[in-house]
Amino acid sequence: MLSGIAQRFERVFIRDSTASLLWWGKTLPGGAVRRLQTDAFRRVVRYAAKRQKFFAEKLNERGLDASRIERPEDLEDIFTTPEDLISRPPEDFLCRRPDLVFETTGTSGPPKRLYFSYDELDRSARYEAAGLLENGVKVGDRVVCTFDPGYWISSWVTFLACKRLGVFCSATGKPQPREIYERMRVYRYNVVMADPTWLVSLSEIAEKDGCSPLKLIFAAGDRMTDAYRNYVQQVWNAPVVLGYGSTEAGGGMGMECRRGQGYHVDQFNFLFEVVDVDAQGFGELVFTTLARRTEPLIRYRARDITRFIEGPCPCGLPLARLDAIKGRRDEMVVMGAGNMHPAIFERVLHDVPGVAETWQVAVRQEGLRDVIEFRLELVDGISADRVKEHVTRNLEGRFPDVWANHQCGMFQLAFQFVPHGSLTRARKPKRLVDERKS
Ligand SMILES: [Zn+2]
């Protein structure tokens, strides 16, 4: 049975216009938001305990009774991890028949597969629509969205958010930036939504060949450094607003306001925790999906490092804020090429003749470009050019998605050849390092 406030929330969230949802979210007292979250958390825990094999097993192992769980801490060390999603069959997480599936990038082996209902996708679109409206997007605007569709979620959610707002939208997939540039005047796009490094490539064309007027640029996907953001804003003379989300989250979890001081998070559909915090309050983001019933995730470890920002935002929105993502708890590096894991480079390098077993790949920033630098020890007598050619061919053939991003100018390749034995001189190097400054 839903409490009074939860019933009102469902009504506003599902049926009312985006404008009234936004108004409602803005005027709801903090105490009411917390009550909604606590109610929803209790409900999803009880639901998953009955229907989700994985979660039921975890409760059972620890001898916990779902009906006594009131808040995340009561679950002790029960979490859902990315490794759980990969290693166990989907049936262990599915609680009812799904309508659709999305994947995370499967570059490190099998992808994570996440199942949803159409309603759940719509819900995610409603949050994004509210965020876009708050940032000034409204009827009469013309959006071009170049997030990759395929098995990835963001393009679909954005398209549905625009539909919800009644805003003209082209969801084009991710073509070469030049193709979109040529059409910007034809279709009078004034809002661009894209991956940060793709935006840099588009902006370089615009800087040279001229800009059409934009009112807003929305970026999400890979990492936007301050240098990239400043450059894009300066070329177009338009604000860049960042979004934060993932396939596991079923779309967006947070969006910046125009003040750009952290992500205002969707507290209505997620309960967020930051765990294993350091002295500055940074730790790993953990979220529970409060509304999803197809494949709810209880205390999902996002592996992203962030912290809550204390105090109210100058914009006045009462939603809690998360700081910019500072890094990853695992070895993944989020960049222009995609979400890169060391395993990708293992698959690229393992059969290249002349490359010694110890290697390192560094992600650097050079001017306005992400650079993947292969640091390789060569076995005597092998030609460096031949190694470069072989590595490039392997990357192109084995990871076409990564290569497509290279073709869009979202990253460059570099090689550094070092004498045999020099990488191991100190101790075994990390295989993949992120050397970009935040
Ligand atoms: Zn704000």
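Parameters and conventions
Residues numbered from 1 in each chain as written. Predicted model: local features only at pLDDT ≥ 70, side-chain atom pairs only at ≥ 80, totals over all residues. Heavy atoms only, no water. Phe/Tyr/Trp six-rings, centres within 6.5 Å; stacked < 30°, edge-to-face > 60°. Buried < 20%, exposed > 50% of the residue type's maximum accessible area, 1.4 Å probe, protein only. Lys NZ or Arg CZ within 6 Å of the ring centre and 35° of its normal. Core = buried A, V, L, I, M, F, W, Y, C linked by side-chain atoms within 4.5 Å. Helix = DSSP H or I, 4+ residues; strand = E, 2+ residues; numbered from the N terminus. Contact = heavy atoms within 4.5 Å. Pairing = 2+ DSSP bridges. Donors = N, O, S within 2.8 Å, 3.2 Å for Na, K, Ca; no water.

K.L.:
Quick one: what's the story with the packing of aromatic side chains, residue by residue and with numbers?
P.N.:
Scanning the model with the defined rule gives 10 aromatic pairs in all. Ring centres of Y187 and Y189 lie 5.7 Å apart, and the angle between their planes is 50°; on these two criteria the pair is classed as tilted. The exposure class of Y189 is buried, given its relative accessible area of 4%. Taking the centre distance of 6.0 Å and the plane angle of 15° together, the rings of F415 and F417 count as stacked. A network of ring pairs unites the aromatic residues F270, F272, F287 and Y300 as a single cluster. When the ring centre of F79 is taken as origin, the NZ or CZ atom of R301, which lies over that ring, is 4.4 Å away.

K.L.:
Can you break down the nonpolar core residue by residue, with the values?
P.N.:
Core analysis: the biggest nonpolar cluster contains 72 residues, and M184, V232, W236 and F287 have the highest contact counts within it. In terms of residues, this core owes the most to one element, helix 9 (residues 196-209), which gives six residues. The contact partners of V232, leaving out residues within four places of it in the chain, are L199, V200, S203, I217, M224 and V240. Of all hydrophobic cores here, the second largest spans 25 residues; its members include V333, F345, L349 and F411.

K.L.:
Report on the pairing of strand 11 (residues 283-289), specifying residues and quantitative values.
P.N.:
With seven of its seven residues buried, strand 11 lies for the most part within the structure. In terms of strand pairing, strand 10 (residues 270-275) meets strand 11 through six bridges, oriented antiparallel. Pairing of V274 across the sheet is with L285, part of strand 11. Two elements, strand 11 and strand 12 (residues 300-306), share four bridges in a ladder whose sense is antiparallel. By the bridge assignment for strand 12, F287 is matched with Y300.

K.L.:
How would you summarise the coordination of the zinc ion if you had to cite specific residues and measurements?
P.N.:
Protein coordination at the zinc ion: the donors are C257 (SG), H264 (NE2), C313 (SG) and C315 (SG), at 2.1 to 2.3 Å from the metal. Of note, the zinc ion draws all its donor residues from one chain, in the sequence arrangement C-x6-H-x48-C-x1-C. With C257 in the loop between strand 8 (251-256) and strand 9 (263-265) and C315 in the loop between strand 13 (308-309) and strand 14 (321-322), this pair connects stretches of sequence that are 58 residues apart. Accessibility expressed as a relative area gives 4% for C257, which makes it buried. The partly exposed category is assigned to C315, whose relative accessible area is 26%.

Remember, this is a structural readout, not a statement about activity or role.
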